[in-house]
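Tertiary structure, described
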Amino acid sequence: MSVTVTNQPIDNATVLQSKLYQAAKRDPERRFHALYDKLYLPYILQRAWELVRANQGAAGIDGQTLTAIEEAGVPQFLAGIATSLREQTYRPTPVRRVAIPKGDGKTRPLGIPIVRDRVVQAAAKLVLEPIFEADFEGTPSFGFRPELGAREALDHVREQSRRGFRWVVDADAERFFDTLDHDLLMTALRRRISDGPLLRLIHRWLKAGYVADATHHDTDQGSPQGGVLSPLLANVYLHAFDQGLRREKTFVGRLTRYADDFVIQCGTQAHAEQALAWSRAFLGRLGLGLHPEKTRVVRDDQGFDFLGFHHRRVRMPPGGSRAGKESHGVMRWPSQKAERRFRERVRTIVGPPGYLQANWNDCMRRLARFLRGWGQYYRCGESQRVFGSLDHYVIGRVARSRARASRYGAGHRRLRWEECARRLGQWPQMPTLARLTAAPQPLHRSLAKARWRAV
C-alpha cells in the first residue's frame, strides 16, 4: 500500500491542536489567552459537529434532534452558532435531566444538553484538550483521555501488583459529578487558561441548571454527567489529586484513576492506611468525600473490584509449573456486580415467552450484539469460567422461554426446557460468549486517536 494511502492528510483542526499541545508542552507554566476565537472557526465547528453526530444522543429540552438539524441544513446550523459565538450572544440552555438505573438499585442523574450546546462544548474540548493533555501525560489518569482507556488502567493495576504492591485502597468517590465545586474547578482551569470569554463560557455551562419533571433547578455545584466537556473538566479537577499523591512522602503508593474511580496499591498495610487517610483529607479539601461503606483497605489475595472486574491474587491450580503457588500478580474476571447486570440485561432482551416467540430473529440479533460487546470488554482477563457460567444462563433463559411458549395438548407434546437447551447448545447460530469471543477479533477500543501529538 502506498504512503499516499496510509498517511492521511492533516486537517486544519489537527494542525491547530498540535500547535496548542506543543506550546503547552514546551512551557508548563504558560497560560493561554487567545482561545475563544478558535471556537467559531469553520473547521473547528465542523469537526465538533462530526463528533456530536457520531456519538448520536437524544434531544435536549428543546426537542431538536440530530436528524431534524440535518434535514434543515447543517451549514446553516453551524453558521448560526458561529455568529452567536462571535458576537458573544450565545447562552447555554439548561440540560434535560433523566435518571438512569445503577447496579445497586439506585439511580444516577444524567444531563442531556441540547444539540447546539453539545456542538459548542465539543468545540471547546477540541481546543482545551491538547493543552491539558500536556499536563496529564505520565500521570496515572486513564479515563476519558485520548489513546487511553479501561484496558490500560487494568493493565496498570496488574503491573503494580506484580511489583509487590499487595495492599489496596479500594475507594469509591461519593457523588463526584454532583458535588464538584465550581470555584475550585475554575481555579484549576485558570492555571492554564487566562482567556476571559472562554472562562465565562465554561462558568455559564456549569451554572446553566437543569430541567426535571418540567421544573427548572439551579446548579450551585456539580457538572452534568452527559455533557461533552464534563469528562475533561473532571480530569482537570482531579489532576491536583494525582500530583499530590505523586509528591507525598509519608507513604509509597501507586495510584490508578479512571475519572472518579480509583485504587491505590501499597507495599504494606501501614502505607495503605496512610494512603486512605491522605486521600480522604485531600479529597475533603476538594469538597469531595469517600463512600463510607464502599471504601476499605484490603490485601489483593482477598480481592477487590475495579472497572467491572474482580481482581485477586490466587493459588494456581494443579497441572502447571506454578501449581499451588500464588499467581504472579492479580488475576481478573467479571465482578459479581457485572454478572448481575449481565443477567438483568439478558432477561430484558429475551423478554416474556410470548415476546420471544413472536420476535425471535430480532431478539437473537440484539442478544448477539450485547454478548459481543460485553465479551469484547471482559475477555481481556481470566474470564473463561465466568463466560461458561453466563452462557449456561443465556441458553437456559432462552430455552425456558421457548418451552413455555410452545404448543402442547391436542396432539402436541409439550417441549421440555432441558431438551430445548440441549438443542440450542448444539445450534451453531446460538449467540454465546464462548462462540462470539473464540475467534480473534479486531480490538475495537473506541479510543480517540490524538493525531495532534505527532504533527
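Just so it is clear, the model here is predicted, and its values are computed rather than measured.

What the protein contains, in helices and strands, is 18 helices and 12 strands. Taking 23 Å as the expected radius of gyration for a compact globule of 455 residues, we find that the protein reaches 25 Å, a close match to that expectation. For the protein, the residues scored as buried account for 48% of the 455 residues in total. Expressed as a percentage of contacts within the protein between residues at least 6 apart in sequence, the contacts between residues at least 24 apart total 71%. Accessible surface computed for the protein: about 22900 Å², of which carbon and sulfur atoms make up 51%. Both charge centroids of the protein, one from 74 positive and one from 46 negative side chains, sit 6 Å from each other.

Overall, antiparallel pairing links the three strands, which are arranged 10-11-12 in an open sheet. Of all strands in the sheet, those bounded by a partner on one side alone are strand 10 (304-306) and strand 12 (331-334). Averaged over all adjacent pairs, the angle separating strand axes in this sheet is 35°, with direction ignored. Bridge count for strand 10 against strand 11 (residues 309-312) is three bridges, and the pairing is antiparallel. From the neighbouring strand, F304 faces strand 11, where its bridge partner is H311.

Right, let's talk about the pairing of strand 6 (residues 253-258) for a bit. For strand 6, the tally of buried residues reaches five of six residues, placing the bulk of the element in the interior. Judged from the six bridges that link them, strand 6 and strand 7 (residues 261-266) form a sheet pairing that is antiparallel. Residue pairing in the sheet places R254 in a bridge with Q265 of strand 7. Following strand 6, the chain reverses through two residues before pairing antiparallel with strand 7; A259 in that reversal takes a positive phi of roughly 60°.

Before going further, it helps to spend a moment on the environment of I114. Relative to the helices and strands, I114 is located in the loop between strand 2 (107-112) and helix 6 (115-136). On the basis of relative accessible area, I114 is assigned to the buried category, the value being 5%. Through-space distance from the C-alpha of I114 to that of S383 is 40 Å; in sequence the pair is 269 residues apart. With near-sequence residues (within four places) excluded, I114 lies in contact with G60, I61, D62 and T93.

What follows deals with the packing of helix 15 (residues 360-378) against helix 16 (residues 384-405). Packing of helix 15 against helix 16 leaves a shortest axis separation of 13 Å and a crossing angle of 170°. Classed by the angle they form, the pair helix 15 and helix 16 counts as roughly antiparallel. Along the contact surface, helix 15 presents W360, M364, L367, L371, W374, G375 and Y378, while helix 16 presents F387, L390, V394, V398 and R402. Grouping the constituent residues of the contact of helix 15 with helix 16 by class yields 10 nonpolar, one polar and one charged.

Turning our eyes to something else, we now look at helix 17 (residues 417-426). Note: α-helices contain 3.6 residues per turn, so residues at a spacing of three or four share the same orientation. Restricting attention to buried positions, one finds in helix 17 the residues E419, C420, A421 and L424. Where the residues of helix 17 are buried, they touch helix 15, helix 16 and helix 18 (433-438).

Along the polypeptide, Q17 turns up in helix 2 (residues 12-26). The class for Q17 is buried, based on a relative accessible area of 3%. Expressed as a C-alpha distance, the spacing of Q17 and W452, which sit 435 residues apart in the sequence, is 5.8 Å. Among residues more than four places away in sequence, those in contact with Q17 are R47, L126, P130 and W452.

It is worth spelling out the pattern of salt bridges at this point. Between side chains of opposite charge, pairing is possible as soon as their charged atoms come close. Taken as a whole, this structure holds 21 salt bridges when the rule is applied. For E326, the salt bridge is made with R166, and the minimal N-O distance between the two is 3.1 Å. Taken together, the residues E326 in the loop between strand 11 and strand 12 and R166 in the loop between helix 7 (150-162) and strand 3 (167-174) connect sequence positions 160 residues apart. The closest approach of N and O atoms between R343 and E339, which form a salt bridge, is 3.7 Å. Of this pair, R343 and E339 both sit in helix 13 (residues 336-350), four residues apart, which is roughly one turn of the helix. Overall, the relative accessible area of 23% leaves R343 in the partly exposed class. Beyond isolated ion pairs, a larger network of salt bridges with shared partners links R166, D300, R313 and E326.

It is generally the case that most residues other than glycine have a negative phi and that most peptide bonds are trans. Although it is not a glycine, F144 sits at a positive phi angle of roughly 55°. Considering the arrangement of structural elements, one finds F144 in the loop between helix 6 and helix 7. Classification of F144 by relative accessible area gives partly exposed; the value is 45%. With phi around 50°, R175 is a residue other than glycine that occupies positive phi space. If you trace the backbone, R175 turns up in the loop between strand 3 and helix 8 (176-179).

Quick notes on the rules
Residues numbered from 1 in each chain as written. Predicted model: local features only at pLDDT ≥ 70, side-chain atom pairs only at ≥ 80, totals over all residues. Heavy atoms only, no water. Helix = DSSP H or I, 4+ residues; strand = E, 2+ residues; numbered from the N terminus. Rg over C-alpha atoms; globule rule 2.2 N^0.38 Å. Buried < 20%, exposed > 50% of the residue type's maximum accessible area, 1.4 Å probe, protein only. Contact = heavy atoms within 4.5 Å. Areas by Shrake-Rupley, 256 points an atom, 1.4 Å probe, with all protein chains shown as cover. Lys, Arg positive; Asp, Glu negative; His and termini not counted. Charge placed at Lys NZ, Arg CZ, Asp CG, Glu CD. Pairing = 2+ DSSP bridges. Axes fitted to C-alpha atoms, helices over the stretch in contact; angles between N-to-C directions. Parallel < 35°, antiparallel > 145°, perpendicular 65-115°, else oblique. Nonpolar A, V, L, I, M, F, W, Y, C, P; charged D, E, K, R; others polar. Salt bridge = Lys/Arg side-chain N within 4 Å of Asp/Glu carboxyl O.

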